[in-house]
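# Structural features, examined
The chain contents come next:
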Amino acid sequence: MKIKSWLFLFITTLLIGIVSAITVGLILKFPENSTMLELLLYIFGLIGFGALFSVFSQMGFFAYLTVHRFGLGIFKSHRLWNGVQLVLIAVVLFDLFYLRYASFHKEGESIVNYIVIPLAILVYGLIIAYLKVKQTSNVAFIPTLFFITVVTILEWVPVLKENNSLSLWMGFVPLMLCNTYQILMLHRLLQKNNQKKPIAS
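Only a predicted model underlies this, so the values are computations on that prediction, with no experimental measurement involved. Each chain has its residues counted from 1, following the order in which its sequence is written. Local features in this predicted model are restricted to residues whose pLDDT is 70 or higher, and side-chain atom pairs enter the listing and the counts only when it is 80 or higher, whereas totals over whole chains, interfaces and linings include all residues. As a rule here, side-chain values come from all non-hydrogen atoms in the structure, and water together with hydrogens is ignored.

## Observations concerning the overall build of the protein
For the record, the criterion: Secondary structure follows DSSP: runs of H or I at least 4 residues long count as helices, runs of E at least 2 residues long count as strands, and numbering of each begins at the N terminus. When accessible area is computed with a 1.4 Å probe and restricted to protein chains, residues below 20% of their type maximum are described as buried, those above 50% as exposed, and intermediate ones as partly exposed. Two residues form a contact once any of their heavy atoms are found within 4.5 Å. Note that accessible areas follow from Shrake-Rupley with a 1.4 Å probe, and for residues the cover is restricted to the protein chains shown. As used throughout, the charge tally considers Lys and Arg to be positive and Asp and Glu to be negative, leaving His and the chain termini uncounted. By convention, charge coordinates are those of NZ in Lys, CZ in Arg, CG in Asp, or CD in Glu.
Each helix and strand in the protein was counted, giving six helices and zero strands. Secondary structure elements of the protein, listed N to C terminal, follow the sequence α-α-α-α-α-α. Seen through its principal axes, the protein has C-alpha atoms that stretch 70 × 40 × 25 Å. Scored against the burial criterion, the 201 residues of the protein give a buried share of 39%. Relative to all contacts within the protein whose residues are 6 or more apart in sequence, the contacts with residues 24 or more apart total 72%. Summing over all exposed atoms, the protein offers an accessible surface of approximately 11,800 Å²; the carbon and sulfur share of this is 71%. Distance between charge centroids for the protein: 27 Å, based on 15 positive and 7 negative side chains.

## Some points on the side chain of threonine 180
Tracing the backbone shows threonine 180 in helix α6 (residues 165-195). Among the residues examined, threonine 180 registers a relative accessible area of 9% and is labelled buried. Once residues lying within four places of it in the same chain are set aside, the contact partners of threonine 180 are Tyr124, Ile128 and Ile148.

## Focus on helix α3 (residues 78-104)
Basically, it comes down to this: Helix span, expected: 1.5 Å multiplied by one less than the number of residues in the helix. Any pair of N or O atoms that falls within 3.5 Å is considered a polar contact. Within protein, one atom must be able to donate a hydrogen and the other to accept it, and sequence-neighbouring residues count only if both atoms are side-chain atoms.
If you check α3, its first and last C-alpha atoms are 38 Å apart, about what 27 residues at 1.5 Å a residue would give, namely 39 Å. Those residues of α3 not exposed but buried are Trp81, Asn82, Gln85, Ile89, Val92, Leu93, Leu96, Phe97 and Arg100. Sitting at the head of α3, serine 77 places a side-chain oxygen 3.2 Å from the backbone nitrogen of arginine 79.

## With respect to the side chain of serine 167
Here serine 167 shows up in helix α6. A relative accessible area of 16% means that serine 167 is categorised as buried. Ignoring any residue separated from it by four or fewer positions in sequence, one finds serine 167 in contact with Phe49, Val159 and Glu162.

## Quick word on the packing of helix α1 (residues 3-28) against helix α2 (residues 36-75)
Stated precisely, the cut-off is as follows: The convention used is that axes are lines fitted to C-alpha atoms, helices contributing only their stretch in contact, and that angles between N-to-C directions extend from 0 to 180 degrees. In these notes the angle categories are as follows: under 35 degrees is roughly parallel, over 145 is roughly antiparallel, 65 to 115 is roughly perpendicular, and the rest is oblique. Whether a crossing is left-handed or right-handed is set by the direction in which the near helix is turned from the far one by less than a right angle, anticlockwise for left-handed and clockwise for right-handed. Lys, Arg, Asp and Glu make up the charged group, whereas Ala, Val, Leu, Ile, Met, Phe, Trp, Tyr, Cys and Pro make up the nonpolar group; the residues left over, Gly among them, are polar.
For the pair α1 and α2, the least separation of the axes is 7 Å and the interaxial angle reads 135 degrees. On the basis of the axis angle, α1 is oblique to α2. Of the two possible hands of crossing, α1 and α2 adopt the one that is right-handed. Here Trp6, Leu9, Phe10, Thr13, Leu14, Gly17, Ile18, Ala21, Ile22, Gly25 and Leu26 of α1 come into contact with α2, specifically with Tyr42, Ile43, Leu46, Ile47, Gly50, Ala51, Ser54, Gln58, Phe61 and Phe62. In terms of residue class, the contact of α1 with α2 is made up of 15 nonpolar, six polar and no charged.

## Digging into the packing of α2 against α3
Close contact between α2 and α3 brings their axes to 8 Å; oriented N to C, the two are set at 125 degrees. If you check the angle between α2 and α3, you find them oblique. Every pair of crossing elements has a handedness; the one defined by α2 and α3 is right-handed. Note on element contacts: α3 touches α2 through His78, Leu80, Trp81, Val84 and Gln85, opposite Tyr64, Val67, His68, Gly71, Leu72 and Phe75. Of the residues belonging to the contact of α2 with α3, the class tally is seven nonpolar, four polar and no charged.

## Section: the confidence of the model for the protein
Under the convention used in this document: What pLDDT expresses is the predictor's confidence in each residue, scored from 0 to 100.
When pLDDT is averaged across the protein, the result is 90; 95% of the residues are at 70 or more. For the protein, per-element mean pLDDT is lowest for α6, which scores 88, and highest for helix α4 (residues 112-135), which scores 95.

Here it is, written out as structure tokens:
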């Protein structure tokens, strides 16, 4: 990827992270009865939060692209590497359920609360993987599903430990939107770069 394309991806992903964090923060906890200065400080905090998770998202994205290449090189087969990724998807989704349940479940609380999040992430990942395949090829399905599920959950771990609903959603929404944007933009940027290459004489 060319520097120009990387800068475009970086800046637009950063903006998505910031805007989504501000939106979620104001919806979930609007600082009522606060002064203008307090409101501005709160918004600046949301901007920092969104920017931070946008950077987490971008680090995870490029880390996965590297790991994906290593995986293909080690296993020498898309089918085998995809099988490994499917196993990891199942393990991480189960861990998301089990570890949160074991750590935060209270007596009388429904287990459904701990099942919904991993299930929702899986369904969302399947939808994005389907869209990616429609735009590229069938080969992209498992890598996209892996990135949207496993990588997003790993990036989400710092706030998962707190089990605070505000922090959970303020971290999750920017991460998921940034990851979705990056995975769906990658092939477009690469195609654009390839189209600009001069034809050899």
